[in-house]
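Given next are the chains, with one letter for each unit.
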Amino acid sequence: MTKRLPIIRHLRWLIWSWRVEQHYARWAELGMLPVNREHDDRVLDAIWRGER
C-alpha cells in the first residue's frame, strides 16, 4: 500500500482532528463521556502516518 503525500495527509489530519474535537465538545455539552475517543485517536494516528 502506498502512503499519501505528507502535505495531503497533514491537511487531512488537521481537518479530521478539528472535526473530532468539535464532535466531542458537542457531546460534552450534553453531559456525555468520550466513549470512543481512543478509537478516534488511533484513526487520527493512522492518517498522520499515511496509512489511511
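Definitions and cut-offs
- Residues numbered from 1 in each chain as written.
- Predicted model: local features only at pLDDT ≥ 70, side-chain atom pairs only at ≥ 80, totals over all residues.
- Heavy atoms only, no water.
- Helix = DSSP H or I, 4+ residues; strand = E, 2+ residues; numbered from the N terminus.
- Buried < 20%, exposed > 50% of the residue type's maximum accessible area, 1.4 Å probe, protein only.
- Axes fitted to C-alpha atoms, helices over the stretch in contact; angles between N-to-C directions.
- Parallel < 35°, antiparallel > 145°, perpendicular 65-115°, else oblique.
- Left-handed = near helix turned anticlockwise from the far one by under 90°.
- Contact = heavy atoms within 4.5 Å.
- Nonpolar A, V, L, I, M, F, W, Y, C, P; charged D, E, K, R; others polar.
- Expected span 1.5 Å × (residues − 1).
- Salt bridge = Lys/Arg side-chain N within 4 Å of Asp/Glu carboxyl O.

(A) Inspection of the environment of proline 6 at higher detail. Turning to its location among the elements, proline 6 is positioned in helix α1 (residues 6-29). In this structure proline 6 comes out as partly exposed when scored by relative accessible area, which is 44%. Each C-alpha atom, one on proline 6 and one on tryptophan 48, is 8.4 Å from the other, the two residues being 42 residues apart in sequence.

(B) Focus on the packing of α1 against helix α2 (residues 37-49). The contact between α1 and α2 brings their axes to 8 Å, and the two run at 165 degrees. Between α1 and α2, the crossing angle belongs to the class labelled roughly antiparallel. Considering the relative orientation of α1 and α2, their crossing is left-handed. Contacts between α1 and α2 involve Arg9, His10, Arg12, Trp13, Trp16, Ser17, Val20, Glu21 and Tyr24 from the former and Arg37, Asp40, Leu44, Ile47, Trp48 and Arg49 from the latter. Partitioned by chemical class, the residues of the contact of α1 with α2 number seven nonpolar, two polar and six charged.

(C) A look at α1. Given a rise of 1.5 Å per residue, 24 residues ought to cover 34 Å, and the 34 Å separating the end C-alpha atoms of α1 matches this to within 8%. When we look at burial in α1, the residues that qualify are Arg9, Ser17, Val20 and Tyr24. On its buried face, α1 sits against α2. Once α1 finishes, glycine 31 follows within two positions and takes phi at roughly 90 degrees, a positive value.

(D) Structural detail: the pattern of salt bridges. One pass over the structure, following the stated rule, counts three salt bridges. With a shortest N-O distance of 2.5 Å, arginine 37 and glutamate 21 are connected by a salt bridge. In this pair, arginine 37 sits in helix α2 while glutamate 21 sits in helix α1, placing the two residues 16 residues apart along the sequence. Glutamate 21 sits in the partly exposed class, given a relative accessible area of 42%. Taking the shortest distance from any N to any O, the salt bridge between arginine 37 and aspartate 41 comes out at 3.2 Å.

Treat this as a map of the structure, not an account of what it does.
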